[in-house]
Amino acid sequence: MTSLPLARRHFLVAGLVGAPALLVSGRALAATDPFALGVASGEPLPDGFVIWTRIAAEPLAEDGSGGCRTPVPVRWEVAEDDRFARIVARGDATAHPAMAGAVHVDVHGLRADRPYWYRFVAAGVNSPTGRAWTAPSLGSDPAALRFTAATCSHWEWGYFSAYRHMAAEEDSKLTLFLGDYIYESTATGERAKQVVRSYAMPEAMTLSDYRRRYALHRTDRDLQSLHAAAACVAIWDDHEAQNDYSGIWPQDVTVSPAAFAARRLAAYRAFCENMPLRLSQVMRPDGSFRINRRLHWGRLAQFDAVDGRQFRSRQACIDGDQASRRGRIAPADCPDFTDPSRTFLGFEQERWLYDGWASSNARWNLLVQNLLVAPMRFGTGDAAKLWTDTWNGFGAARSRMIEAMAGTRLANPVTLAGDYHSWWMTDLHQDPDKPASAPVATEIAVTSITSTPPPGEGIKAAMRDNPHIRYFEQEERGYLSVNLTRAALNARLMAISDRRSARATVRMLREAVVESGKSGWA
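Heads up: these notes are all about the structure in this document. (Residues numbered from 1 in each chain as written. Predicted model: local features only at pLDDT ≥ 70, side-chain atom pairs only at ≥ 80, totals over all residues. Heavy atoms only, no water.)

### Topic: the layout of surface pockets
Put simply, the test is: The method works on a 1 Å grid over the protein atoms by themselves. A cavity is a set of points holding a 1.4 Å probe that cannot get out, a pocket is an open set with protein on both sides within 12 Å along at least five of seven lines, and residues with an atom within 4 Å of a point line them. Grid points are joined across faces, edges and corners, and a volume is the space filled by probe spheres set on the points. Only DSSP runs of H or I covering at least 4 residues are called helices, and only runs of E covering at least 2 are called strands; the numbering of each starts at the N terminus. Polarity classes work like this: nonpolar for Ala, Val, Leu, Ile, Met, Phe, Trp, Tyr, Cys and Pro, charged for Asp, Glu, Lys and Arg, and polar for all others, with Gly in that last group.
The space that makes up the largest pocket amounts to roughly 830 Å³. Lining the largest pocket are 33 residues, and of these His 239, Asn 243, Arg 326, His 421 and Thr 452 sit closest to its centre. Of the voids in this model, the second largest pocket is the one considered here, and its volume is about 450 Å³. Forming the walls of the second largest pocket are 24 residues, and the residues nearest its centre are Pro 375, Arg 377, Arg 398, Pro 432 and Asp 433. Of all the secondary-structure elements, those providing two or more residues to the lining of the second largest pocket are α9 (395-407) and β21 (423-428). Of all the elements, α9 adds the most residues to the lining of the second largest pocket, at five residues. Partitioning the lining of the second largest pocket into residue classes produces eleven nonpolar, eight polar and five charged.

This is the structure:
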């Protein structure tokens, strides 16, 4: 396996963060920089990956175009070295106004399990340089994979310093975005007085609105450095469209599913335009969107990325509520919690997932999804209550999933989650009422990059009634760093010093291990 010298990784990060204004990654800037939103890569395969940029000389243009109002020719290059002395693939693309200038190139014909460098050229200007690793060949048995994971990056509540530290993780070959990459709303009233930096935009409702949100996030140099440093796999949660929506149902009871449909489609399109996705896979000819996909890292790991919002049943336990369809804490005897007709993933996506598990020969099987899987019960007996927006609200669907893990004898299943702005490490049991039984799977939910945490007192007080929850912490913002080997999954919970500081430092908050062949945290 080819290793990447420190100097190469430093070049990628420092080229964006610390370079003089007129020289970024060795490129001269035009008066208006067509690459103001940087570059990115994603979806690594053994023979290639997707590279992305967005031609946006006016990143925050009111019409959402980024200034791309006519087609722009774009040249792309992929090389075996960061100086592009050994170019191995090149071609031409076009930035179209219909995609707000976004360019997605699905590069193939590369060698497996090695780093490549890529760049674009438009209007006589070179883009920043990005780096991406190809995945190992499907039949290979790589010894290890280092990756990071992040979620919940609200522009207004802090700086993206955690992204800078993720980019500096020397050996990381993959970044997972677990949802809430952007937020659709803007703080108002008293909350507006607490913001660190304002969106200065109305709540996103249209395609132009969502495009501007992504453009604003992509102007952040720490986020640009992360995207330039490693390929990513991204899924959405709710805030890419609207808080707490569930399937076709918006949170506002005065808005019909039909009226919400146009907003949701606009949000999905903006996500696909602004992420380095394989568009032929996620944007369907009929105008629909499918973001579930499966990636392999040789025989070491299978990553199943799923959509936990689009195909869900409505929020649980909302009958009689004339004010909101939002998630809530509801009595545990609410029939929605055990209704087998309810689904979290949609029945078609459930079948796709379980079939993939049945055929998996990977040592580790990682589920890349958006919400906490483990049950979380507040109180006991008749007084017990559950939070509805997580898998709690879809208890029968959760049981089907864990039974599928057990029934397929899935090797080392690990679920990853975001959403709740806090750290959770849990053991997943086939019968959640039997915590002494052997776990079927292991779970880790990642804290937020900047978003405000939930109140922790009530959750901590409920820990005694939830022994399967091995660790919970809500005060720290940060990201997850994972070293995956044949023998173990080593998770490092990384915490930044202050979300309100653009130069926040980082430390390891906790380190934990899952041993191969032994589900549950050691």
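Read on, since the account is not over.
### Side note on the state of the cysteines
Test applied: Cysteine sulfur atoms are paired as a disulfide whenever they fall within 2.5 Å.
A complete count under the given rule lists one disulfide for this structure. Between the sulfur atoms of Cys 317 and its disulfide mate Cys 334 the distance is 2.1 Å. Between Cys 317 and Cys 334 the disulfide shows an S-S torsion of about -115°. By sign, it is left-handed. Taken together, the residues span a long stretch of sequence, with Cys 317 in the loop between β15 (301-305) and β16 (329-331) and Cys 334 in the loop between β16 and α8 (347-358) at a distance of 17 residues.

### Some thoughts on the environment of Gly 356
Inclusion rule: Burial classes: relative accessible area under 20% of the type maximum marks a residue as buried, over 50% as exposed, and values in between as partly exposed (1.4 Å probe, protein chains only).
Considering the arrangement of structural elements, one finds Gly 356 in helix α8. The exposure class assigned to Gly 356 is buried, which follows from its relative accessible area of 5%. Taking the C-alpha atoms as reference, Gly 356 lies 28 Å from Lys 434; in sequence the two are 78 residues apart.

### Things to note about the nonpolar core
Which entries qualify depends on this criterion: Each nonpolar core is a collection of buried residues, namely Ala, Val, Leu, Ile, Met, Phe, Trp, Tyr and Cys, held together in the definition by side-chain atoms within 4.5 Å. Contacts are assigned to residue pairs with any non-hydrogen atoms lying within 4.5 Å of each other.
Judged by nonpolar contacts, the single largest core of 79 residues is most densely connected at Leu 176, Phe 303, Leu 366, Leu 480 and Leu 489. Counting residues per element, this core draws most heavily on helix α6 (residues 257-274), which supplies seven residues. Residues contacting Leu 489, with those up to four places away along its chain left out, are Trp 364, Leu 366, Val 414, Val 482, Asn 483, Leu 484, Ala 512, Val 513, Val 514 and Trp 521.

### With respect to the sheet that holds strand β22 (residues 441-445)
Quick reminder of the rule: DSSP-based pairing: two strands are paired if at least 2 bridges between them are found. Think of each axis as a best-fit line through the C-alpha atoms, taken over the contacting stretch in the case of a helix, with angles from 0 to 180 degrees between the N-to-C directions.
Spatial ordering of the open sheet is given by β14-β15-β17-β20-β22-β21-β23, a layout of seven strands whose pairing is mixed. The sheet is open, and its two edges are formed by β14 (293-297) and β23 (469-473), each paired on a single side. Put simply, the sheet's adjacent strands are angled 15° from each other on average, direction ignored. In this sheet, β22 lies alongside strand β20 (residues 413-417) in parallel orientation, the contact comprising four bridges. Counted as the bridge partner of Leu 416 is Ile 444 from β22. The sheet strands contacting α8 are β14, β15 and β17 (364-368), and the helix crosses β15 at an angle near 175°.

### Things to note about the environment of Phe 337
By the element assignment, Phe 337 lies in the loop between β16 and α8. Distance from Phe 337 to Pro 435, taken between C-alpha atoms, is 19 Å for residues 98 residues apart in sequence. With near-sequence residues (within four places) excluded, Phe 337 lies in contact with Ala 316, Cys 317, Ala 330, Pro 331, Ala 332, Leu 386, Thr 388, Asn 392, Gly 393, Phe 394, Gly 395 and Ala 396.

In short, geometric facts, not functional conclusions.
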